[in-house]
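Summary of the model geometry
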Amino acid sequence: MARTAGSPVREFEIEIGGMTCASCVGRVERAVKAVDGVGSVAVNLATERARVTLSSGGSDAGAIAAAIRGAGYEPTERIVELKISGMTCASCVGRVERALKAVPGVLDATVNLTTERATVRALGGADQMQQLVAAVAGAGYSAEAASIDAGASDREQQAREAEQAGLKRAVIIAAVATIPLLVFEMGSHMYEPLHHFLAGRVGEFNIKLLSFLLATFVQFGPGLRFLKKGWPALLRGAPDMNSLVMLGTSAAYLYSTVATFAPEFLPDGTDYTYFEAGAVIVTLVLTGRWFEARAKGRTSEAIRRLMSLQAKSARVLRDGVEADVGIESVVPGDVVIVRPGERIPVDGEVLDGVSYVDEAMITGEPVPARKEAGAAVTGGTINGTGAFRFTATKVGADTLLSQIVRTVEAAQGSKLPIQAMVDKVTMWFVPAVMALALVTFAAWFAFGPSPAFSYALVNAVAVLIIACPCAMGLATPTSIMVGTGKGAELGILFRQGDALQGLKDAKIVALDKTGTLTKGKPELTDLVTAEGFEEAQVLRLVASVEARSEHPIAEAIVGAARQRGLALAEVSEFAGEPGFGVKAVVEGRTIEIGADRLMRRLGLDLSPFTEAAGRLGDAGKTPLYAAIDGRLAGIIAVADPVKATTPEAIASLHRLGLRVVMITGDNRRTAEAIAARLGIDEVVAEVLPTGKAEVVAGLQAGGAKVAFVGDGINDAPALAKADVGIAIGTGTDIAIESADVVLMSGDLNGVANAIALSQATIANIRQNLIWAFGYNALLIPVAAGALYPSFGILMSPMFAGLAMALSSVSVLTNALRLKRFRARAPAPLQDQRAARLALAG
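Definitions and cut-offs
- Residues numbered from 1 in each chain as written.
- Predicted model: local features only at pLDDT ≥ 70, side-chain atom pairs only at ≥ 80, totals over all residues.
- Heavy atoms only, no water.
- Patch = residues over 30% accessible without salt bridge, like charges linked within 9 Å, V, L, I, M, F, W, Y side chains within 5 Å.
- Areas by Shrake-Rupley, 256 points an atom, 1.4 Å probe, with all protein chains shown as cover.
- Salt bridge = Lys/Arg side-chain N within 4 Å of Asp/Glu carboxyl O.
- Helix = DSSP H or I, 4+ residues; strand = E, 2+ residues; numbered from the N terminus.
- Buried < 20%, exposed > 50% of the residue type's maximum accessible area, 1.4 Å probe, protein only.
- Pairing = 2+ DSSP bridges.
- Axes fitted to C-alpha atoms, helices over the stretch in contact; angles between N-to-C directions.
- Phe/Tyr/Trp six-rings, centres within 6.5 Å; stacked < 30°, edge-to-face > 60°.
- Arc of directions from axis to C-beta.
- Contact = heavy atoms within 4.5 Å.

1. Here's the deal with a nonpolar patch on the surface
A contiguous nonpolar patch, built from F205, L209, L210, L213 and F261 and spanning about 440 Å² of accessible area, is present on the exposed surface. Looking at the nonpolar patch element by element, the count peaks at four residues for helix α7 (residues 204–220). Along the polypeptide, L210 turns up in helix α7. Since its relative accessible area comes to 38%, L210 is described here as partly exposed.

The structure is reproduced here in structure tokens:
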């Protein structure tokens, strides 16, 4: 579409899936044209793209997407990450978000002040990145495509360190020039002999001249950044924090300059100078920015730690030759060689060799995992004392470590519902402060004591300086950033930022049994033999028969025999009867295995095992019987054992005041036996795999918020239905994709840790918001002079600058307290020492 230079882009492309013929093209075009604000649309079947041109009024991208879906096709949505530079306060966030949302094709945009990143959800094609960058530039900031690779992380860290170094340098320079100003102005007032000494030796006008030179240096040296950013923002009609500082310091500087060189233009008795006020404000605000930059750097430590797990190089075997290559050069299918103590570079599958690998930093499991041929290995984990080769399966952005980093960054960049109110306030905050400063000036000038002009100026400057939208803008994202980062350290990944707030409100925790409360893999737990039979003999014969079956119970029996080193025998005449059991001949002996009904049909007396059968049933185990050559040989129990950490996890959930519900397909007797042993409050048993979501809906019907914890494919609907879905990281990919929170290990203590961390993070956010809003609500009126009529108290602009500088730092410092959150169970980083000791041993 032709357009004049500088005119806004009013068109965009959409990728559309599902079109197969010309009729599809017509349906899509008619559907999109019917949307208000669409000027024209051209659909290309070959490229599966639609070019949409908007009319002058524009159109909602969401309405266009809905129209395409309504026609039976699927528009492709893209997630774009941008690195934003130049933001200083919550007002900046609002302006960048509005600029991004105004780009045609953008469905939504969120900006995080702490991470300095924007997440844009859009319908446009690849060329849209240029439009987004241009939109940010038009709002007065700069943007570039964000990246999560190690190199980009290093560059961001270097940029952050350079920013801190620059601020530190500016603070030192400003302080060196401001201290003499304080001596000239404040020292002379506080210590009269000093005033007489300076007046006699230097001269009063010369002191004013020196003050002017020093103030000019501070104002247009270290303080020039406020002018460069604040003035353009003011001209655009979008003032920000820099505008407030610029107006306040410039007013004090210009007034003092006139008082020094042209006092005749001022009312009689008002030719006071406030050079020190402007210089002190610049110094204090810069000091606050420096502390703030250092604190913000600490909030992103979790991401940097994760990125540091990435190996820089790998030793690969190509054409029979070993070669060290950069990590970016490894491709799927490469054979990678890992030596003792090395960090595994990418994800893969072991070809040969045996070792133990420390996976604590990824999964949270403190005990090193044995790796042999066929085992999966994860990039970022540390090899022990063995050596092995593996085939690379996932590299670059596809590795588990990269996915974890993306997940944490997505959660840190998200906005909680609690942020909506903050955004509404900050949108109007700076203009409202400027208006209040004008009202303050007018009121003091009209009704204040003599010299009214000086009082009016000082109090208006104090109002401009005391206001701090930064604290409000940082209150929520800093806590989210530290909280989700701490979660990553504990093996808890918040895939959705909303889950942080949702978990805090959960009243019921519903747990799937198999794989969540239990290990998810049946094991032989009991074998009691009748008189005249040896345990090893019975197990070998029974396992030989069960080796012909694919039932999980049979696999558990065979596994137990092999674990004991028993050699299985050849089997003949194998036959199975559903509901009863199996029968076969082993080494000439007839073996029959099955439920009690099979033994009774064989006419065998089960009374010798009555006590054992009752005990096993009470423990939630289902007994099987074995007969050899027509004689009762033993009773066998196979069960899915409860994880060792489950009882403590249930107790932790109870301590948090939560009701625990177990959902299982097991028979009621078995389920209730397990629940009684664990102290679970409610059991919903004999639930079909498709019925778990209905059970969750029933629990929600009472108005309680429900968190569901599961690991299997059949748990996905329930995970999606729950207010917060929590997936066990050892479970299936489908379950993990359906969840809001992922526990990297199978330890159920992670659920209690996640809920406790959620409660601590939301409490921290509320503390920050109370401080940020309370600070402004209380001190802005004081700066305007509200206490003067009753108490004769006025706020100095210098004190206002100090308070403003400390307010943001206070919010950041409070958020950093979340780094001290203690897990209710051993956590990955806490257990790394134990893991390393195990490796060394």
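Moving on from the coordinates now.
2. Points about the sheet that holds strand β17 (residues 492–494)
Here we have seven strands laid out as an open sheet, ordered β17-β29-β28-β27-β18-β25-β26, and mixed in their pairing. Each edge of the open sheet carries a strand with a single partner, namely β17 and β26 (682–684). Between one strand and the next, the sheet's axes are offset by a mean angle of 20 degrees, whatever the strand orientation. Here three bridges tie strand β28 (residues 724–728) to strand β29 (residues 741–743), and the two strands are oriented parallel to one another. Each bridged residue has a counterpart across the sheet, and for I726 the counterpart in β29 is V741.

3. Some remarks on the packing of aromatic side chains
All chains considered together, the criterion is met by 15 aromatic pairs. Where W771 meets Y775, the ring centres are 6.0 Å apart and the plane angle is 40 degrees; that geometry is what we call tilted. On the criterion of helical spacing, the pair formed by W771 and Y775 is a turn pair, its members being four residues apart in helix α28 (residues 749–784). Residue W771 is classed as partly exposed on the basis of its relative accessible area of 40%. Through a chain of ring-to-ring contacts, three or more aromatic side chains come together here, namely F205, F212, F220, Y253, F261 and F275.

4. A short note on helix α25 (residues 692–700)
Of the positions making up α25, those classed as buried are K692, A693, V695, V696, L699 and Q700. All buried residues of α25 lie within an arc of 160 degrees about the axis, which places them on one face of the element. For α25, the elements touching its buried residues are β18 (508–512), β25 (659–663), β26, β27 (706–710) and α26 (716–721).

5. Details of the pairing of strand β22 (residues 589–594)
Side chains on a regular strand alternate between the two faces of the sheet. Relative to β22, strand β21 (residues 581–586) runs antiparallel, the two being bridged by six bridges. Bridging across to β22, V585 finds its partner in T590. As consecutive antiparallel partners, β21 and β22 are separated by two residues, and within that stretch E587 has a phi angle of approximately 55 degrees, a positive value.

6. Thoughts on the pattern of salt bridges
This structure, assessed with the given rule, holds 27 salt bridges. A salt bridge links E116 to K83, with the nearest nitrogen and oxygen atoms 3.5 Å apart. One end of the pair, E116, is in the loop between β6 (106–112) and β7 (117–122); the other, K83, is in strand β5 (residues 78–85), and 33 residues separate them in sequence. Relative accessible area serves as the criterion here: at 17%, E116 is assigned to the buried category. According to the relative accessible area criterion, K83 is buried, its value standing at 10%. Across the salt bridge formed by K371 and E359, the nearest N and O atoms sit 3.0 Å from each other.

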